[in-house]
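Next come the chains, spelled out residue by residue.
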Amino acid sequence: MIPNVEDYYDPGRFERMRQFAQGKETPFLVVDTAIVGDQYDELTHAFPFAKVYYAVKANPAPEMIDLLAARGSNFDIASIYELDRVLSRGVDASRVSYGNTIKKSQDIRYFFERGVRLYATDSEADLRNIAKAAPGSRIYVRLLTEGTQTADWPLSRKFGCQPDMALDLLILARDLGLVPYGLSFHVGSQQRDIGVWDAAIAKVKVIFERLQEEDGIDLKMINLGGGFPANYVNRTHELSTYAEEITRFLHEDFGEELPEIILEPGRSMVGNAGVLVSEIVLISRKSRTSLHRWIYLDVGKFSGLIETLGESIKYPVYTDKQGELEEAILAGPTCDSADVMYEDYRYPLPLTLAIGDRLYWFSTGAYTTSYSAIEFNGFPPLKAYYI
Ligand SMILES: *Cc1c(COP(=O)(O)O)cnc(C)c1O
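Residues numbered from 1 in each chain as written. Predicted model: local features only at pLDDT ≥ 70, side-chain atom pairs only at ≥ 80, totals over all residues. Heavy atoms only, no water.

A look at the site of the ligand
In the vicinity of the ligand, 13 residues are found, and the nearest of them are Lys57, Ser189, Glu264, Gly266 and Tyr367. Lys57 has a polar side-chain atom sitting 2.7 Å from an oxygen atom of the ligand. Take Gly266: an N or O atom from its main chain is 2.8 Å from an oxygen atom of the ligand. Here the residues of the shell around the ligand are counted per class, giving three nonpolar, five polar and five charged. (Near = heavy atom within 4 Å. Polar contact = N/O pair within 3.5 Å; in protein donor to acceptor, adjacent residues only side chain to side chain. Nonpolar A, V, L, I, M, F, W, Y, C, P; charged D, E, K, R; others polar.)

The following block contains the structure:
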């Protein structure tokens, strides 16, 4: 089906983005910054007790950083380059967490020298590096989590450690003169099963208790990560339902007095605010009797749509054209056969579509511009406008 605009955007806002897009050469992303502001307000309203650390990688545009900084957000940073970007917008280092568990010693030092005092880790070698390069800092240990099957873009295996190792690391942190501060996890991006937070929070609770009872270490913080949804073809629960359930899980395990709670939203903060505007370059069939078209666009896997890898994220694809629908394979413009967005999952699109028509990719504000290649086949990086 062609998506209904109203299911994804306030119609007035969508019309404004479309007007803005008129006459501009495709492809490009348009982000309605007011939607990002609304998402931030909705999240902080739904989790009034939590501190937000925006995951900058989702969309590192200065416009996003400025808007979220003005609203009081903190920032989850993965590299010295993201750090420079955020500090250059006037954000104080006390609002930054170095959330990447994979880091060079000299980069830890760079963060420390600029005033960052909150670090994630999941291994002994990294922890020892932090103790040397960022002495006295607060440490939180990232746990491995389940939930790969129900996350559209899983982030597990590569990050986090088992609870036993988390215990060891937090004790070692204390012995190395660091502050054992808390625990974190990420249940996988675009996580559709809210229950996985329950299992993760239960693991956290066990570690809090063990450290308190056996080692006299009082952890102060739980970082619940990202995983909150944007609106794609496969719908999810509303953010308010995530918040109600997760809040209930927290109170079940920790009672009335919760530790400090951190959220690290990326996708849910900026995803719904974007529309990627593309143009059809070519329509073809591979045989005289083929029952489906190949529709080639001026945007593809290498120009912002990398999350179509494995057809993981299914963006709603919209056209103004109407009429009888027929399945199509959607592919990008480059000379790489991996540059096919959807082949197994066939998008039904109108037979009236013609070369030069525009296709609008909904909910593309997250993980598009930041993933775009810089010059594969000479195509420039994805342009973006913030209105
Ligand atoms: C990518 C990432 C996030 C953001 O996740 P979303 O699912 O996009 O909200 C949060 N925390 C960490 C450590 C990440 O790597």
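A closer look at the domain arrangement of the protein chain
Taken domain by domain, the protein chain comprises domain 1 (5-9 + 272-386) and domain 2 (34-271). Taking only C-alpha atoms, the centre of domain 1 and the centre of domain 2 are 32 Å apart. The interface of domain 1 with domain 2 comprises 25 residues on the first partner and 24 residues on the second. In total, domain 1 and domain 2 occlude about 2100 Å² of area from one another, counting both sides; carbon and sulfur atoms represent 55% of this. The largest contributions to the domain 1 side of the interface with domain 2 come from Asn272, Tyr367 and Tyr386, which together make up 33% of the buried area. At the surface where domain 1 touches domain 2, the tally comes to one salt bridge. With a shortest N-O distance of 2.8 Å, Arg267 and Glu307 are connected by a salt bridge. (Domains from an automatic or database assignment. Contact = heavy atoms within 4.5 Å. Buried area = accessible area lost by both parts, 1.4 Å probe. Salt bridge = Lys/Arg side-chain N within 4 Å of Asp/Glu carboxyl O.)

Concerning the pattern of salt bridges
For the coordinates displayed, the defined rule picks out 22 salt bridges. A salt bridge links Lys205 to Glu209; the shortest N-O distance between them is 3.3 Å. On the criterion of helical spacing, the pair formed by Lys205 and Glu209 is a turn pair, its members being four residues apart in helix H8 (residues 195-215). A salt bridge links Arg285 to Glu326; the nearest nitrogen and oxygen atoms lie 3.1 Å apart. With Arg285 in the loop between strand E12 (274-284) and strand E13 (293-297) and Glu326 in strand E15 (residues 325-331), this residue pair connects regions lying 41 residues apart in the sequence. Residue Arg285 is classed as partly exposed on the basis of its relative accessible area, which comes to 36%. (Helix = DSSP H or I, 4+ residues; strand = E, 2+ residues; numbered from the N terminus. Buried < 20%, exposed > 50% of the residue type's maximum accessible area, 1.4 Å probe, protein only.)

Description of the environment of Asn231
Summarising the element assignment, Asn231 is placed in the loop between strand E10 (221-223) and helix H9 (239-254). Each C-alpha atom of the pair Asn231 and Tyr8 lies 6.8 Å from the other, and the pair is 223 residues apart in sequence. Not counting residues within four places of it along the chain, the set of residues in contact with Asn231 comprises Asp7, Tyr8, Asn272, Pro316 and Ser363.

Here we look at the nonpolar core
Grouped together as the largest cluster of nonpolar side chains are 118 residues, with contacts concentrated most on Trp197, Ile246 and Trp361. Per element, the largest residue contribution to this core is eight residues, and it comes from H8. With seven residues, the next largest nonpolar core counts Leu118, Ala120, Tyr181 and Met221 among its residues. (Core = buried A, V, L, I, M, F, W, Y, C linked by side-chain atoms within 4.5 Å.)

Focus on the packing of aromatic side chains
Evaluation of the coordinates by the stated rule reveals 27 aromatic pairs. Residues Phe14 and Tyr360 carry aromatic rings whose centres are separated by 6.1 Å and whose planes lie at 75 degrees to one another, so their mutual orientation is edge-to-face. Here Phe14, found in helix H1 (residues 11-21), pairs with Tyr360, found in strand E17 (residues 358-362); they are 346 residues apart in sequence, far enough to count as distant. When sorted by exposure, Phe14 lands in the same class as Tyr360, which is buried. These aromatic residues form a ring-pair network of at least three members: Tyr8, Tyr9, Phe14, Tyr318, Tyr360 and Phe362. One residue, Lys24, lies across the ring of Tyr385, its end atom 5.7 Å from the ring centre. (Phe/Tyr/Trp six-rings, centres within 6.5 Å; stacked < 30°, edge-to-face > 60°. Lys NZ or Arg CZ within 6 Å of the ring centre and 35° of its normal.)

Thoughts on the side chain of Asp107
Tracing the backbone through its elements, the reader meets Asp107 in helix H5 (residues 105-113). Here Asp107 occupies a buried position and makes no salt bridge, while the nearest side chain of opposite charge, Lys104, is found at 5.5 Å. Leaving out residues up to four positions away in the same chain, Asp107 has contacts with Ile80 and Tyr98. (Lys, Arg positive; Asp, Glu negative; His and termini not counted.)

What about the side chain of Thr368?
Residue position: Thr368 is located in the loop between E17 and strand E18 (383-386). With residues up to four places along the chain from it excluded, the contact list for Thr368 reads Leu29, Gly304, Tyr315 and Leu382.

Re the pairing of strand E11 (residues 260-263)
Judged from the three bridges that link them, strand E2 (residues 50-55) and E11 form a sheet pairing that is parallel. From the neighbouring strand, Ala50 faces E11, where its bridge partner is Ile261. Each parallel crossover has a hand, and for E10 linked through H9 to E11 it is right-handed. (Pairing = 2+ DSSP bridges. Right-handed = clockwise from strand over helix to strand, strands pointing away.)

Examining H9
Given a rise of 1.5 Å per residue, 16 residues ought to cover 22 Å, and the 22 Å separating the end C-alpha atoms of H9 matches this to within 8%. Taken residue by residue, H9 has Leu239, Tyr242, Ala243, Ile246, Thr247, Phe249, Leu250 and Phe254 as its buried positions. Each buried residue of H9 sits inside an arc of 160 degrees when the element is viewed along its axis, so together they form one side. For H9, the exposed residues set more than 90 degrees away from the buried face come down to Glu244 and Glu252. (Expected span 1.5 Å × (residues − 1). Arc of directions from axis to C-beta.)

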